[in-house]
Protein chains: 2
Amino acid sequence: MKKKITLKQIAKELDVSVSTVSKALSNSKEISEDTTQKIQAFAKLYNYKPNNIALSLKNRKTKTIGILIPEIVHHFFSTVIRGIERVANRRGYNVIVGLSNESFTKEIINMEMLANGSIDGFILSISKETLLKQDYHHFNATINQGMPIVMFDRVVNEVQCDKVIVDDFNGAVKAVKKLIENECKNIALITTMDYVSVGRLRTQGYLDALQSSGIEADSNLILKIDDSLDVENHVEVLETEIAHFFKSNPSIDGVFAVNELYAVSAMKVARKLGLTIPDDMQVIGFTDGVLSKHATPSLTTVSQHGQKMGEQSANLLIDRLEAEEAESEQYFTNSDQKRDFIKVVIETEIIERESTK
Amino acid sequence: MKKKITLKQIAKELDVSVSTVSKALSNSKEISEDTTQKIQAFAKLYNYKPNNIALSLKNRKTKTIGILIPEIVHHFFSTVIRGIERVANRRGYNVIVGLSNESFTKEIINMEMLANGSIDGFILSISKETLLKQDYHHFNATINQGMPIVMFDRVVNEVQCDKVIVDDFNGAVKAVKKLIENECKNIALITTMDYVSVGRLRTQGYLDALQSSGIEADSNLILKIDDSLDVENHVEVLETEIAHFFKSNPSIDGVFAVNELYAVSAMKVARKLGLTIPDDMQVIGFTDGVLSKHATPSLTTVSQHGQKMGEQSANLLIDRLEAEEAESEQYFTNSDQKRDFIKVVIETEIIERESTK
């Protein structure tokens with residue numbers, strides 16, 4: 001009896017990476033002809049079909065949406081899932097969740113597993129490692145094989161699909177302008193490394209807000225956190241970095257942090273250094289998480305609208321699935337009639353709490 | 001072409017509930033013979049196989065673990081998933097997550113979907129509605145069809161399988177004894193309704209600790225929260241209930257809450273009523289969540305060890321899967337050699353922070 005083989009098993013047998021197998025099976029030019037032939041021959045021998053997605057789609061609708069997120073211990077992603085679930089349940093769909101753990105290889109493996117007959121389409125947010133590698137072949141291969149994808153929050157221009165984002169740039173502008181209005185003179189930014197698109201856009205918003213208010217940006221006041229590594233004592237490392245940053249820049253009287261954890265950690269460190277919030281230092285974060293609400297002082301934030309993002313994503317995906325179904329029931333189809341891809345941008349606003357004056 | 005049919009579709013066609021279909025297909029005596037025959041005939045006609053789990057198991061190993069949890073926006077469940085993932089990845093398994101949303105029907109639908117060839121076994125925590133109904137036929141049917149289950153946190157005696165729990169009873173005893181040692185005279189309990197097993201055990205621990213210290217329990221000092229309903233303004237309702245409770249019982253000087261949200265909400269309400277923590281009121285929660293650490297004052301808690309629970313669960317499941325595999329490779333198997341079911345009880349301890357003296 002022939003067992004079903006996976007990308008991971010092919011990779012192991014041929015001593016290459018999962019991503020090489022995945023690329024060879026989608027005829028990527030990055031892989032040498034020799035390797036591609038070897039991998040395709042092996043896959044054929046073991047009955048691996050790179051396009052079994054399309055086959056399964058034609059045969060049946062699972063009425064299930066596959067969600068693929070980078071991390072589970074993250075309030076934002078949880079609220080997005082809640083939003084997806086609400087809409088999915090209302091419209092008769094089930095959801096199933098896979099986790100990339102911010103890993104490129106795990107993202108590919110999970111997509112293969114879910115796409116293999118379990119689901120009708122994906123709602124996903126890209127892993128950090130994938131963004132760093134800028135390798136999006138697996139998304140494009142999935143779409144080419146007929147399975148629709150909706151991307152949310154972490155999206156890229158290189159993949160043509162429906163997307164749902166918040167207005168990261170303008171959210172950051174609003175936050176920094178608020179700090180300027182509140183008479184902060186030295187506004188610091190605590191952000192991620194640039195390869196995370198949302199961090200990059202929020203950083204641009206910070207710079208733009210300063211510039212348009214005639215304030216020169218000071219690179220010393222920007223702290224970029226490298227959280228690509230899965231370190232056990234992540235929070236401690238973060239606090240140490242922020243403490244060092246604040247000590248080196250005692251003039252800081254305002255902080256914009258691109259996520260909730262950075263903002264709450266900044267408040268904690270400031271307090272330890274004897275500063276009072278908001279009197280000595282005002283802090284604004286970016287999120288609508290549980291930590292912000294319950295922190296003392298509670299945190300002023302840019303709303304991230306996770307649940308709304310989830311709801312919009314689910315509606316976009318289900319609309320597309322149902323349009324395809326309606327189309328496939330017609331005798332003559334015109335593929336030009338396919339709906340163009342939509343990018344939904346959700347507006348942000350400032351939720352004022354106690355960490356600003 | 002025959003489409004694959006699901007429990008949900010059979011239920012819709014025959015105008016009965018998903019649970020009735022599920023029970024009829026596992027020959028439950030609860031369902032009348034007439035209905036059972038009708039459902040089984042219909043299922044046969046549409047090629048639904050109640051035992052396709054067992055078939056798929058024999059044909060292949062997916063090397064994937066199905067996790068089924070009641071809720072995603074919940075730090076405890078997230079940490080359990082992280083623990084499962086760590087062990088699964090190390091041992092060459094993938095994970096996939098389904099959500100019951102605390103609903104009995106969604107639990108059945110998700111189990112059917114995941115069991116249908118996608119996974120090798122389940123790690124799950126039972127939904128509130130299932131606990132309320134005390135109907136566990138779907139777990140037993142899954143196990144009887146050859147797919148192992150490991151239950152964690154919310155477990156029941158009625159299902160024979162491996163289980164991982166924390167020592168809820170003794171954790172509660174330790175918390176209440178700590179409050180007694182700290183000279184609290186009127187110790188309140190904020191807990192869930194009794195059908196949630198962990199809430200019940202923690203309530204018993206509270207009562208036992210009082211009794212063994214010669215303190216008579218006062219039913220006025222026990223607040224049972226009904227959170228079975230999915231209300232939008234859940235936190236506001238919770239805070240209103242706690243405020244009413246504190247106002248009716250001004251003598252309360254110690255609070256043991258069975259989860260983090262109740263504990264943090266109690267502190268918030270107490271502060272609004274002009275009480276100082278820990279001077280006027282000491283509070284202990286049950287969890288090791290992010291809120292406890294970042295709350296001001298930070299919350300003393302009974303550690304719940306979510307990640308450790310996840311790791312233990314994954315090891316139990318994979319051990320069993322691999323033992324079965326080894327067994328099936330032998331010519332003569334002796335089913336008596338099967339490992340007995342194990343119940344892992346994880347010890348709890350008090351993590352002292354600022355909300356106690």
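Residues numbered from 1 in each chain as written. Chains lettered and ligands numbered in written order. Predicted model: local features only at pLDDT ≥ 70, side-chain atom pairs only at ≥ 80, totals over all residues. Heavy atoms only, no water.

Participant: Describe the side chain of B:T356, listing the residues and the values that go with them.
Facilitator: Residue and element names in this part refer to chain B. Structurally, T356 is set in the segment after β12 (350–351). Polar side-chain contacts of T356 include one of 2.8 Å to the side chain of T300. Every residue in contact with T356, bar those within four places of it in the chain, is listed here: L179, N182, P278, Q282, V283, I284 and T300. (Helix = DSSP H or I, 4+ residues; strand = E, 2+ residues; numbered from the N terminus. Polar contact = N/O pair within 3.5 Å; in protein donor to acceptor, adjacent residues only side chain to side chain. Contact = heavy atoms within 4.5 Å.)

Participant: Just give me the short version of the nonpolar core, but keep the residues and values in it.
Facilitator: Of all hydrophobic cores here, the largest spans 143 residues; its most connected members are A:I190, A:F246, A:F256, B:I190, B:F246 and B:F256. Listed in part, the 48 residues of the second largest apolar core include A:M111, A:V155, B:M113 and B:Y136. (Core = buried A, V, L, I, M, F, W, Y, C linked by side-chain atoms within 4.5 Å. Buried < 20%, exposed > 50% of the residue type's maximum accessible area, 1.4 Å probe, protein only.)

Participant: So, the side chain of A:T64: which residues are in play, and what are the values?
Facilitator: Mapped onto the elements, A:T64 comes out in strand β1 (residues 64–69). Discounting chain neighbours no more than four positions away, the residues touching A:T64 are A:Y93, A:N94, A:V95, A:I96, A:S118, A:I119, A:D120, A:G121 and B:M113.

Participant: So what about the relation of the copies chain B and chain A? Which residues, and what values?
Facilitator: Turning chain B through 180° and shifting it by 0.0 Å along the axis lays it on chain A, with an RMSD of 0.0 Å. Both chain copies can therefore be described as sitting about a two-fold axis. The position closest to the rotation axis in chain B is occupied by the C-alpha of B:V97, lying 2.4 Å away. The overlap is high: 98% of the interface residues of chain B also sit at the interface in chain A, so the same surface is used on both sides. (Least-squares fit on C-alpha atoms with pLDDT ≥ 70 in both.)

Participant: Help me get a handle on helix α1 (residues 7–14) of chain B, residues and values and all.
Facilitator: Along an α-helix, residues three or four apart share an orientation, since each turn contains 3.6 residues. Residue and element names in this part refer to chain B. Within the sequence span of α1, burial applies to L7, I10, A11 and L14. The buried side chains of α1 occupy one side of the element, clustering within an arc of 100° when seen end-on. Summarising the geometry of α1, the exposed residues directed more than 90 degrees from the buried face are K12 and E13. On its buried side, α1 packs onto α2 (18–25), α3 (33–45) and α6 (104–115). Positioned one or two residues after α1, D15 has a phi angle of 55°, which is positive. (Arc of directions from axis to C-beta.)

Participant: Lay out the interface of chain B and chain A in plain terms, naming residues and giving numbers.
Facilitator: By a widespread convention, an interface's size corresponds to the accessible area lost as its parts come together. Chain B puts 40 residues into the contact, and the matching count from chain A is 40 residues. Where chain B touches chain A, the interface holds two salt bridges. Among the ionic pairs, B:E85 bridges to A:K106, the shortest N-O distance being 2.8 Å. Viewed at the interface, chain A and chain B are joined by eight residue pairs in polar contact (both at pLDDT 80 or more). For the side of chain B that touches chain A, the elements supplying multiple residues, two or more each, are α4 (52–59), α5 (75–90), β2 (94–99), α6, α12 (260–272) and α13 (290–294) of chain B. At eight residues, α5(B) tops the list of elements feeding residues into the side of chain B that touches chain A. (Salt bridge = Lys/Arg side-chain N within 4 Å of Asp/Glu carboxyl O.)

Participant: Got a sec to walk through the sheet that holds β12(B)? Specific residues and values, please.
Facilitator: Residue and element names in this part refer to chain B. The sheet built from six strands is open, its strands ordered β7-β6-β8-β9-β10-β12 with mixed pairing. Where the open sheet ends on each side, the last strands, each with one partner, are β7 (222–225) and β12. Sitting on the sheet, helix α10 (residues 197–212) touches β6 (187–192), β7, β8 (254–257) and β9 (282–286), and the angle it makes with β6 is about 165°. (Pairing = 2+ DSSP bridges. Axes fitted to C-alpha atoms, helices over the stretch in contact; angles between N-to-C directions.)

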